[in-house]
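# Structural overview for review
Below, each chain spelled out in residue letters.
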Amino acid sequence: MKPAELLKVISSIPLYKSFRAAGYPRLLPLSYTISVTYRCNSRCRTCQVYKNKAPEMGVEEYSKIFASLGRAPYWATISGGEPFLRPDLAEICQALYNYCRPSIINIPTNGLLLDRIPNVVEDIVRNCPESQIIINLSLDGVGEEHDQIRQIKGNFQKALSTYNALKSLEFKNLTIGIHTVISKYNVERLPEIYHELQQLAPDSYITEVAEERVELGTIGTNITPDPEQYAQAIDFLSSQIKRQHFSGISRITQSFRLQYYEMVKRILKEQRGLIPCYAGFISTQISPEGNVWPCCIRAEVMGNLPEADYQFPKVWFSPQAEKLRARIKQRNCFCPLANAAYTNLLCNTASLIRAAYWSLKLGAR
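These remarks concern the structure in this document. Please read these numbers as outputs of a predicted model, since none were measured by experiment.

### Regarding the overall build of the protein
Helix and strand counts for the protein stand at 14 helices and nine strands. Each of the three principal axes of the protein carries a C-alpha extent, and together these read 50 × 45 × 40 Å. The burial tally for the protein puts 56% of its 365 residues in the buried class. At a minimum sequence separation of 6, the contacts of the protein that also span at least 24 residues come to 77%. Of the charged side chains in the protein, 42 are positive and 34 negative, and the gap between their average positions amounts to 7 Å.

Structure, rendered in structure tokens:
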């Protein structure tokens, strides 16, 4: 991520604030989560997305969607299920790159497909040279602890082999990170998990709290950690960030990470929204069958892309989309969803000021 690109995003924030407040100017989102499949070869205790048997769109369909977006996307997350189960994943990413040139293409993976993932990643990186490709390997514990949460025997060792293969790829536009879902199953051991995973020397380490989502089929599963336990875990992670020195764009990303962690801690404790939500304005999600959602927590449908001739703006500016945006503005829901939270922080003046403060402190060490 180049500083000039981030500054360009920040300069567009007043326009998105106007879009949310007054409906003008009408803008396409900057952040897209594109779920290309619900299929998954893990059986995580924190996710049941694999039970959804929805159809999947093909490369030609995605190409039409991306063509309708133009250069609007800044950040695109290609998710699942397990996205690398798609034999045409590299082609989908190529179509995204050809039409949209996003600055960042982020792909999470459980790392089980050792024979496939490194080769596909290399293809994507070579064919998308102007985008930063971020591969986040999901590790929720170490050894058998991870296997028990993911409910696949040998998961950790397979993921570790994939991680090592990915780290051997040497491309300037490739970042290999580790992602941990903090749930009631691992929250008490997070400091130990963090220290052990840091020995793998990931380019980045991020966490997200386990949530009850419509998309994941986890409503009523009670997977979210106790607020007090989460606060202790996240205070530890924040302390680790604050004692380090960062330079360049890393200072900015880490300063926003501190804001996100603190916000999630308060949301879980206070059970209320803390800043205005811009899901449905600056961020969105597209399901495998082509439904457009403001976010995946409630998975409310703005419209279906195949039914709209794959023209995203036709759905995005539809009466149904406007109806859902009006409900979001009423702030009748709240959540710590990471993809939406980071863009929400960008759109909040107080959060920007705090992020600037921590960016200076993290760079001064």
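### Some points on the packing of aromatic side chains
Per the counting criterion, the structure on display carries ten aromatic pairs. Look at Phe312 and Trp316: their rings are 5.4 Å apart centre to centre, the planes differ by 25°, and that puts the pair in the stacked class. Separated by four residues within a single helix, Phe312 and Trp316 lie in helix α11 (residues 312-316), roughly one turn from each other. Judged by relative accessible area, which is 0%, Phe312 ranks as buried. Taking the relative accessible area as the measure of exposure, Trp316 reaches 0% and is therefore buried. One aromatic cluster in this structure is built from Phe19, Tyr278 and Phe281. Stacked on the ring of Phe281, the Lys or Arg Arg325 has its end atom at 5.9 Å from the ring centre. Across from the ring centre of Trp316, 4.9 Å away, lies the NZ or CZ of Arg325, which sits over that ring.

### Considering the layout of surface pockets
Approximately 710 Å³ is the volume attributed to the second largest pocket. What lines the second largest pocket is a set of 34 residues, among which Ile297, Cys333, Phe334, Cys335 and Pro336 lie closest to the centre. Of all the elements in the fold, those that place two or more residues in the lining of the second largest pocket are α10 (249-270), α12 (319-329) and α13 (338-346). Taken together, the residues that form the lining of the second largest pocket break down as 23 nonpolar, five polar and six charged.

### So, the pairing of strand β5 (residues 174-182)
Burial runs high along β5: nine of the nine residues are buried. Both faces of β5 are covered, namely the face carrying Leu174, Ile176, Ile178, Thr180 and Ile182 and the face carrying Thr175, Gly177, His179 and Val181. As defined by bridge partners, strand β4 (residues 132-138) adjoins β5 across six bridges and the pair is classed as parallel. When the bridges of β5 are listed, Ile135 appears paired with Ile176. Looking at chain direction, β5 and strand β6 (residues 204-209) are connected through six bridges and run parallel. Paired with His179 across the two strands is Ile206, which belongs to β6.

### Digging into the sheet that holds strand β2 (residues 75-79)
Spatial strand order, β6-β5-β4-β3-β2-β1-β7-β8-β9: nine strands in an open sheet with mixed pairing. The open sheet terminates on both sides in strands that have one partner only, identified here as β6 and β9 (303-304). Where β2 meets strand β3 (residues 104-109), three bridges bridge the pair, whose relative direction is parallel. If you follow Trp75 over to β3, its bridge partner there is Ile104. Here helix α5 (residues 117-127) sits on the sheet in contact with β3, β4 and β5, set at roughly 160° to β4. Lying on the sheet, helix α7 (residues 155-167) is in contact with β4 and β5; it crosses β5 at an angle near 155°.

### A look at the pattern of salt bridges
Scanning the model with the defined rule gives 18 salt bridges in all. The shortest N-O distance in the salt bridge between Arg86 and Asp88 comes to 2.9 Å. Per residue, the accessibility class of Arg86 equals that of Asp88, and both read buried. Residue Glu208 pairs with Arg213 through a salt bridge whose shortest N-O separation is 2.7 Å. The exposure class of Arg213 is buried, given its relative accessible area of 12%.

### A word on the pairing of strand β1 (residues 31-35)
Most of β1 is tucked away, with five of its five residues classed as buried. Of the two faces of β1, the one carrying Ser31, Thr33 and Ser35 and the one carrying Tyr32 and Ile34 are both buried. Bridge count between β1 and β2: five bridges; the pairing is parallel. From the neighbouring strand, Ser35 faces β2, where its bridge partner is Ser79. In the sheet, β1 pairs with strand β7 (residues 283-286) via four bridges, with the strands oriented parallel. Across the sheet, the residue bridging to Thr33 is Gln285, located in β7.

### Let's talk about the environment of Leu137
On the secondary structure map, Leu137 appears in strand β4. For Leu137, a relative accessible area of 1% puts it in the buried group. Residues Leu137 and Ala308, spaced 171 residues apart in sequence, show a C-alpha to C-alpha distance of 34 Å. Those residues within four positions of Leu137 in sequence are excluded, and the remaining contacts are Thr109, Asn110, Gly111, Ala159, Tyr163, Gly177, Ile178 and His179.

### Comments concerning the environment of Pro336
By the element assignment, Pro336 lies in the loop between α12 and α13. Residue Pro336 is classed as buried on the basis of its relative accessible area of 8%.

Thresholds, definitions, all that
- Residues numbered from 1 in each chain as written.
- Predicted model: local features only at pLDDT ≥ 70, side-chain atom pairs only at ≥ 80, totals over all residues.
- Heavy atoms only, no water.
- Helix = DSSP H or I, 4+ residues; strand = E, 2+ residues; numbered from the N terminus.
- Buried < 20%, exposed > 50% of the residue type's maximum accessible area, 1.4 Å probe, protein only.
- Contact = heavy atoms within 4.5 Å.
- Lys, Arg positive; Asp, Glu negative; His and termini not counted.
- Charge placed at Lys NZ, Arg CZ, Asp CG, Glu CD.
- Phe/Tyr/Trp six-rings, centres within 6.5 Å; stacked < 30°, edge-to-face > 60°.
- Lys NZ or Arg CZ within 6 Å of the ring centre and 35° of its normal.
- 1 Å grid on protein atoms, 1.4 Å probe; cavity = no way out; pocket = protein on both sides within 12 Å on 5 of 7 lines; lining within 4 Å.
- Points joined across faces, edges and corners; volume = space filled by probe spheres on them.
- Nonpolar A, V, L, I, M, F, W, Y, C, P; charged D, E, K, R; others polar.
- Pairing = 2+ DSSP bridges.
- Axes fitted to C-alpha atoms, helices over the stretch in contact; angles between N-to-C directions.
- Salt bridge = Lys/Arg side-chain N within 4 Å of Asp/Glu carboxyl O.

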